[in-house]
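Coordinates in review
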Amino acid sequence: MKRDILLHPDPRLKKVCAPVADLSDELRRLADDMLETMYDAPGIGLAAPQVGVLSRLIVLDCVKEEGAAPRPTVMFNPEVLAVSEKTNVYEEGCLSIPEQFGEVTRPAEVEVAWIDREGRAQTAGFDGLWATCVQHEIDHLNGKLFIDHLKPLRRQMITRKMVKLKRERARA
Ligand code: NI
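Residues numbered from 1 in each chain as written. Predicted model: local features only at pLDDT ≥ 70, side-chain atom pairs only at ≥ 80, totals over all residues. Heavy atoms only, no water.

**Side note on the pattern of salt bridges**
- If you walk through the whole model with that rule in mind, you get eleven salt bridges.
- Between Asp139 and Arg106 there is a salt bridge, and its shortest N-O distance comes to 3.0 Å. On the criterion of sequence distance, the pair formed by Asp139 in helix H2 (residues 128–141) and Arg106 in strand S5 (residues 97–107) is long-range, its members being 33 residues apart. Of the two residues examined, Asp139 and Arg106, each falls in the buried class.
- Here the residues in one salt-bridge network are Asp32, Arg117 and Glu118, joined through shared partners. (Salt bridge = Lys/Arg side-chain N within 4 Å of Asp/Glu carboxyl O. Helix = DSSP H or I, 4+ residues; strand = E, 2+ residues; numbered from the N terminus. Buried < 20%, exposed > 50% of the residue type's maximum accessible area, 1.4 Å probe, protein only.)

**Looking at the coordination of the nickel ion**
- Ligation of the nickel ion by protein atoms is provided by Cys94 (SG), His136 (NE2) and His140 (NE2), these donors lying 2.1 to 2.3 Å from the ion.
- Ordering the donors of the nickel ion by residue number gives the pattern C-x41-H-x3-H. With a gap of 42 residues between them, Cys94 in strand S4 (residues 87–94) and His136 in helix H2 connect regions that are remote in the sequence. (Donors = N, O, S within 2.8 Å, 3.2 Å for Na, K, Ca; no water.)

**Overview of the pairing of S5**
- In the sheet, S4 pairs with S5 via seven bridges, with the strands oriented antiparallel. From the neighbouring strand, Asn88 faces S5, where its bridge partner is Arg106.
- Between S4 and S5, which pair antiparallel one after the other, the connecting turn spans two residues. (Pairing = 2+ DSSP bridges.)

**Brief notes about the sheet that holds strand S2 (residues 57–60)**
- Pairing is antiparallel across the open sheet formed by five strands, whose spatial order is S1-S2-S3-S6-S7. Either end of the sheet is taken by a strand with one partner, and the two such strands are strand S1 (45–47) and strand S7 (121–126). Adjacent strand axes in the sheet meet at a mean angle of 40° when their direction is disregarded.
- Looking at chain direction, S1 and S2 are connected through three bridges and run antiparallel. Each residue of the ladder has a partner; that of Leu46, found in S2, is Val59.
- In this fold helix H1 (residues 25–40) packs onto S1, S2 and strand S3 (73–83), with an angle of close to 40° to the strand it touches most, S2.
- Against the sheet, H2 makes contact with S1, S2, S3, strand S6 (110–115) and S7, and its axis sits at roughly 155° relative to S2, the strand it touches most. (Axes fitted to C-alpha atoms, helices over the stretch in contact; angles between N-to-C directions. Contact = heavy atoms within 4.5 Å.)

Encoded structure:
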């Protein structure tokens, strides 16, 4: 079932999310709903607070090649274990900040630990778009948006545009 994606500015997008204690069927269903919502958007990552649930859960799939098999990835309690010194700049966007983009510098490679959909502990290294995306989504769990990495003026400009967009949508 698709869920509604919260739009910035929203106080729920600024909260530090709580760790997931037990993998219930309800949480698995939430993860499946988030994947469906993400693919439908379409996007390459989504964090639970973006659908109004303040739990440490993200989903992502950064496979972009035409015809390549999808790689739906569910991470409960994701944690960055190590980052490279080498950085990468990507033009990032966010499903909670539609049509706004900005260049963000992040470590080019990260090692991440998480609990998968089946409750197994996993560790893996990510690079390229996957590294950027997983860091962007984990930021969400700490109440941080990609615009928080931008210069204040740019951030304020995007936020003003979003306030206007939300007002227009509320009227429609
Ligand atoms: Ni985002």
